[in-house]
Amino acid sequence: MKTLLMPVALLLLAAMTPAFAHGDWKPKHGGTMNEGGETSFELVVQQRKVVFYLEDHGEAIATAGATGTLSIERGATKQVAALKAKASNQLEALAPMKLVAGDRLMAKVTLGNGSIVVGRFVIAR
């Protein structure tokens, strides 16, 4: 029995490799990067216009044909706006209110190929 335990324990130990972050990508457009996740979202706020740039491992993700929603939570209040595809890897929405520190944002996007990606943010300024 002991001879069987050692190989099983080694096999389990080998299977428990550490999880590594998807990547700590730097913003390319002066915005804020999302809080983890498979897809990198960069959030750029211009007054009430909210712009997201999507990437995977530093490579632009095409947003042609993509649709989505932007949810903004402030305390118990939740507002939603439509996200629309713009330039190559860009999505935009007009926020229903001016964003303030503490607002929690979630962008849920269905890409043209049917994949769903989500980016989450907390406004810090």
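Definitions and limits used
Each chain carries its own residue numbering, running from 1 in the direction its sequence is written. Only residues with pLDDT of 70 or above have their local features reported here, since the model is predicted, and side-chain atom pairs are shown and tallied only from 80 upward, although totals for entire chains, interfaces and linings are computed over all residues. Side-chain numbers come from the whole structure's heavy atoms, not from hydrogens or water. Here a strand is any run of E in DSSP of at least two residues, a helix any run of H or I of at least four, and the numbering for each starts at the N terminus. Residues are treated as being in contact if the distance between any of their heavy atoms lies within 4.5 Å. On a scale of 0 to 100, pLDDT captures the predictor's confidence in every residue. Three labels apply to residues, based on accessible area from a 1.4 Å probe with only protein chains included: buried if under 20% of the type maximum, exposed if over 50%, partly exposed otherwise in between. Put simply, buried Ala, Val, Leu, Ile, Met, Phe, Trp, Tyr and Cys residues joined by side-chain atoms within 4.5 Å make one nonpolar core. DSSP calls a pair of strands paired once it identifies at least 2 bridges connecting them.

We now examine the environment of arginine 104. Note on placement: arginine 104 falls in strand S8 (residues 104-110). Between the C-alpha atom of arginine 104 and that of isoleucine 72, which follows or precedes it by 32 residues, the distance is 5.7 Å. Dropping the residues within four chain positions of it, arginine 104 is found in contact with Ser71, Ile72, Glu73, Phe121 and Val122.

For the protein, per-residue confidence averages 84 on the pLDDT scale, and 80% of positions sit at 70 or higher. Across residues 9-22 the pLDDT falls below 50, and counting only partners more than four positions away or on other chains, this stretch makes 5 contacts in the model.

Among the structural elements, glutamate 92 can be located in strand S7 (residues 90-94). When its relative accessible area of 16% is taken as the criterion, glutamate 92 is described as buried.

Turning our eyes to something else, we now look at the nonpolar core. Counting 23 residues, the largest nonpolar core has Phe41, Phe52, Leu54, Leu70, Leu83, Leu105 and Val109 as the members making the most contacts within it. Counting residues per element, the ones that place at least two in this core are strand S2 (40-46), strand S3 (49-56), strand S5 (67-74), strand S6 (77-85), S7, S8 and strand S9 (116-122). Setting aside residues up to four positions removed in sequence, leucine 70 forms contacts with Val50, Phe52, Gln79, Val80, Ala81, Leu83, Ala93, Leu105 and Met106.

Moving on: the pairing of S6. Sheet topology note: the S5/S6 ladder contains 8 bridges and is antiparallel. When the sheet's bridge partners are listed, glycine 68 is paired in S6 with leucine 83. Where S5 hands over to S6, the hairpin turn is made up of 2 residues, of which glycine 75 adopts a positive phi near 60°. Of the pairings in the sheet, the one linking S6 to S7 comprises 2 bridges and is antiparallel in character. Residue pairing in the sheet places alanine 85 in a bridge with leucine 91 of S7. Hairpin connection of S6 to S7: 4 residues between the antiparallel strands.

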